Amino acid sequence: MVDKFVGTWKMVSSDNFDEYMKALGVGFATRQVGNRTKPNFILNVDDQGLICMKSQSTFKTTEVKFKLNESFAETTADDRKTTTVVSLENGKLVQKQTWDGKETTLEREVIDGQLVATCKMGDVVAVRTYVKEA
Ligand code: DKA
């Protein structure tokens, strides 16, 4: 079911990401680096259904391992400690992070062979597009 997300994806565009990071509460210095960074997004799944999702860049590499619909502890690139759950909803991989009474969602879908990540925090929406590398 998550097969279409498997592989290494390279970010090629990022829209409104600075506003999204501001809404998350990310400070100026980290936003400067975050805006300049073009991460690779790498997703693998093993035969037990354990999904490994990695965001790899010169700034920071983060990795989470989880099963769909099972919550887990995540430390994000901007150092939020979140409770996270990932589910498949209408073909989208939806990652919901909660921390300090706040919530953000990262929705990933494959459209015309590109992976589109829609990041939502309140009414702020950022869209980041990735192309398959391997
Ligand atoms: C993506 O492209 C979304 C990544 C969201 C990261 C939020 C925090 C970044 C702080 C530098 O998959």
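Because the structure is a prediction, the values reported are computed rather than measured. (Residues numbered from 1 in each chain as written. Predicted model: local features only at pLDDT ≥ 70, side-chain atom pairs only at ≥ 80, totals over all residues. Heavy atoms only, no water.)

What to know about the nonpolar core
Membership of the largest hydrophobic core comes to 16 residues, with the highest contact counts inside it found for Phe-41, Leu-43, Met-53, Phe-66, Leu-93, Leu-115 and Tyr-130. Of all the elements in the fold, those that place two or more residues in this core are β1 (7–15), β2 (40–45), β3 (51–56), β4 (62–66) and β9 (114–121). If we skip the residues at most four places from it in the chain, Phe-66 touches Gly-49, Leu-50, Ile-51, Met-53, Phe-72 and Val-86. Phe-17, Tyr-20, Leu-24 and Leu-106 belong to the second largest nonpolar core, which has eleven residues in total. (Core = buried A, V, L, I, M, F, W, Y, C linked by side-chain atoms within 4.5 Å. Buried < 20%, exposed > 50% of the residue type's maximum accessible area, 1.4 Å probe, protein only. Helix = DSSP H or I, 4+ residues; strand = E, 2+ residues; numbered from the N terminus. Contact = heavy atoms within 4.5 Å.)

So, the site of the ligand
Contacts to the ligand come from Phe-17, Met-21, Leu-24, Phe-59, Asp-78, Arg-80, Arg-108, Cys-119, Arg-128 and Tyr-130. Taking Arg-108, its side chain carries an N or O atom lying 2.8 Å from an oxygen atom of the ligand. Between an oxygen atom of the ligand and a side-chain N or O atom of Tyr-130, the distance comes to 2.6 Å. Summarising the interface, the protein chains cover 89% of the accessible area of the ligand, which totals 380 Å² for the free molecule. Among the elements of the structure, α1 (17–24) and β10 (124–132) are those that each provide at least two residues to the shell around the ligand. If you tally residues by element for the shell around the ligand, the top one is α1, at three residues. Per-class residue counts for the shell around the ligand are six nonpolar, no polar and four charged. (Near = heavy atom within 4 Å. Polar contact = N/O pair within 3.5 Å; in protein donor to acceptor, adjacent residues only side chain to side chain. Areas by Shrake-Rupley, 256 points an atom, 1.4 Å probe, with all protein chains shown as cover. Nonpolar A, V, L, I, M, F, W, Y, C, P; charged D, E, K, R; others polar.)

Brief notes about the sheet that holds β1
As summarised here, the arrangement of the ten strands in space is β4-β3-β2-β1-β10-β9-β8-β7-β6-β5, forming an open sheet in which the pairing is antiparallel. The sheet is open, and its two edges are formed by β4 and β5 (72–75), each paired on a single side. Averaged over all neighbouring strand pairs, the angle between strand axes comes to 25°, with direction disregarded. In this structure, β3 lies alongside β4, joined through five bridges in antiparallel fashion. Bridging across to β4, Met-53 finds its partner in Val-64. (Pairing = 2+ DSSP bridges. Axes fitted to C-alpha atoms, helices over the stretch in contact; angles between N-to-C directions.)

So, the UniProt feature "domain: Cytosolic fatty-acid binding proteins" (unreviewed entry) in the chain
Under the UniProt annotation, the feature "domain: Cytosolic fatty-acid binding proteins" (unreviewed entry) is placed at residues 7–24. Secondary structure over residues 7–24 splits into 44% helix and 50% strand, and the C-alpha atoms at its two ends are 28 Å apart. (UniProt positions renumbered as here; feature names shortened; annotations may be inferred.)

Things to note about the state of the cysteines
Scanning the model with the defined rule gives zero disulfides in all. Counting only cysteine sulfurs, Cys-119 is the nearest neighbor of Cys-52, a cysteine outside any disulfide, at a range of 19 Å. Under the relative-accessibility criterion, Cys-52 is labelled buried at 17%. (Disulfide = S-S within 2.5 Å.)

Looking at the environment of Lys-60
Mapped onto the elements, Lys-60 comes out in the loop between β3 and β4. Residue class for Lys-60 comes out partly exposed when judged on its relative accessible area of 34%. Excluding its chain neighbours within four sequence positions, the residues that come into contact with Lys-60 are Ser-55 and Ala-77.

What to know about the packing of aromatic side chains
Tallying each qualifying case throughout the model produces three aromatic pairs. Where Phe-66 meets Phe-72, the ring centres are 5.1 Å apart and the plane angle is 5°; that geometry is what we call stacked. Given a relative accessible area of 3%, Phe-66 falls into the buried group. In this arrangement the basic side chain of Arg-80 is found over the ring face of Trp-99, its NZ or CZ atom lying 4.6 Å from the centre. Over the face of the ring belonging to Phe-17 we find Arg-128, whose NZ or CZ atom lies 3.7 Å from the ring centre. (Phe/Tyr/Trp six-rings, centres within 6.5 Å; stacked < 30°, edge-to-face > 60°. Lys NZ or Arg CZ within 6 Å of the ring centre and 35° of its normal.)

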